[in-house]
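Structural overview
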Amino acid sequence: MSQLLRIKCPSCGTVQDIAANGPCQKCSTALNLPEDGVIQIYRMGSPLGVAVGMSIYLNEVPLGHLANAESIRIPVAYGHYKLHMTHGMNRKCKDAEFDVTPQERIVCLKAHLKMGLITNTVVIEKVAAETMPPL
Ligand SMILES: [Zn+2]
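Just so it is clear, the model here is predicted, and its values are computed rather than measured. (Residues numbered from 1 in each chain as written. Predicted model: local features only at pLDDT ≥ 70, side-chain atom pairs only at ≥ 80, totals over all residues. Heavy atoms only, no water.)

Right, let's talk about the overall build of the protein chain for a bit. Scanning the protein chain for helices and strands turns up zero helices and 13 strands. Written out in order from the N terminus, the α and β elements of the protein chain read β-β-β-β-β-β-β-β-β-β-β-β-β. Its C-alpha atoms give the protein chain a radius of gyration of 15 Å, near enough to 14 Å, the size a compact globule of 135 residues would have. Its C-alpha atoms put the protein chain at 45 × 35 × 25 Å along the principal axes. A separation threshold of at least 6 residues defines the contact pool for the protein chain, and within that pool the share at least 24 residues apart is 54%. Of the roughly 7,400 Å² of accessible surface on the protein chain, 56% is carried by carbon and sulfur atoms. (Helix = DSSP H or I, 4+ residues; strand = E, 2+ residues; numbered from the N terminus. Rg over C-alpha atoms; globule rule 2.2 N^0.38 Å. Contact = heavy atoms within 4.5 Å. Areas by Shrake-Rupley, 256 points an atom, 1.4 Å probe, with all protein chains shown as cover.)

See the structure below:
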């Protein structure tokens, strides 16, 4: 598990995981991590489609991939967020919508694949912090 924080460079759009404020790995633009809150996403381990990364979209902004049984943290400003994830060519997803507020600064979510007859669906659920695996 990683202590790193995922951020998308506002200048070149490269998604990267960094430990603290610093230069973009690609274009050297200074990256400033939002400090209001953190969205933590855990992809539950599953024997299904393990090799395929899940793509993450936060308020329609693509934020890279999440491998099986891995978690990431995305620092954010206070606000309303909608998390959408896709699995390979599979675009079906039960999105999660939530607010990051001064009362709830850390939002924990778990994603898993739900098997269907024809296609599988990514299901994202907001969970209590205690149920998350340690970082
Ligand atoms: Zn950049």
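Picking up where we left off.
On the protein side, the zinc ion has Cys9 (SG), Cys12 (SG), Cys24 (SG) and Cys27 (SG) as donor atoms, found 2.3 Å from it. One way to put it: the four donor atoms around the zinc ion meet at angles of 107 to 112°, and that makes the site tetrahedral. Sequence spacing of the donor residues for the zinc ion, all on one chain, is C-x2-C-x11-C-x2-C. Judged by its relative accessible area of 3%, Cys24 is buried. Judged by its relative accessible area of 33%, Cys27 is partly exposed. (Donors = N, O, S within 2.8 Å, 3.2 Å for Na, K, Ca; no water. Tetrahedral: all angles 85-135°; square planar, octahedral: opposite > 155°, others 65-115°. Buried < 20%, exposed > 50% of the residue type's maximum accessible area, 1.4 Å probe, protein only.)

Let us now look at the layout of surface pockets. Here the largest pocket is characterised by a volume of approximately 240 Å³. If you go around the largest pocket, you meet 14 residues; those closest to its centre are Leu58, Leu63, Ile74, Pro75 and Val76. Elements that contribute at least two residues to the lining of the largest pocket include exactly strand E1 (5-8), strand E7 (61-66) and strand E8 (71-76). Of the residues contributing to the lining of the largest pocket, the split by class is 10 nonpolar, two polar and two charged. (1 Å grid on protein atoms, 1.4 Å probe; cavity = no way out; pocket = protein on both sides within 12 Å on 5 of 7 lines; lining within 4 Å. Points joined across faces, edges and corners; volume = space filled by probe spheres on them. Nonpolar A, V, L, I, M, F, W, Y, C, P; charged D, E, K, R; others polar.)

Bringing the pairing of strand E9 (residues 79-87) into the picture now. Across five bridges, the pairing between strand E6 (residues 54-58) and E9 is antiparallel. Of the residues in E9, the one forming a bridge with Leu58 is Leu83. Pairing analysis gives five bridges linking E9 to strand E11 (residues 96-100), with the strands arranged antiparallel. Pairing of Gly79 across the sheet is with Val100, part of E11. (Pairing = 2+ DSSP bridges.)

Attention now moves to the nonpolar core. Ile39, Ile41 and Met85 are the most contacted members of the largest nonpolar core, which totals 23 residues. When residues of this core are traced back to their parent elements, those giving at least two are strand E5 (37-43), E6, E7, E8, E9, E11, strand E12 (106-114) and strand E13 (121-127). A per-element tally of this core places E12 first, with four residues. Residues in contact with Ile39, not counting those within four places in the same chain, are Leu58, Ile72, Arg73, Ile74, Val76, Tyr81, Phe98, Val100, Val107 and Leu109. (Core = buried A, V, L, I, M, F, W, Y, C linked by side-chain atoms within 4.5 Å.)

Here we take up the environment of His84. Locating His84 in the fold gives a position in strand E9. His84 sits in the partly exposed class, given a relative accessible area of 23%. What His84 contacts, discounting residues up to four positions off in sequence, is Ser55, Ile56, Tyr57, Arg91, Cys93, Asp95 and Ile124. At a separation of 2.7 Å, a polar atom in the side chain of His84 contacts the side chain of Asp95. (Polar contact = N/O pair within 3.5 Å; in protein donor to acceptor, adjacent residues only side chain to side chain.)

Reading across from one edge, E7-E6-E9-E11 is the order of the four strands in this open sheet, with antiparallel pairing throughout. Of all the strands in the sheet, just E7 and E11 have a single pairing partner and so form its edges. The sheet shows a mean angle of 30° between the axes of neighbouring strands, taken without regard to direction. Here E6 pairs with E7 via four bridges, running antiparallel. Its bridge partner being in E7, Ser55 is matched across the sheet by His65. (Axes fitted to C-alpha atoms, helices over the stretch in contact; angles between N-to-C directions.)

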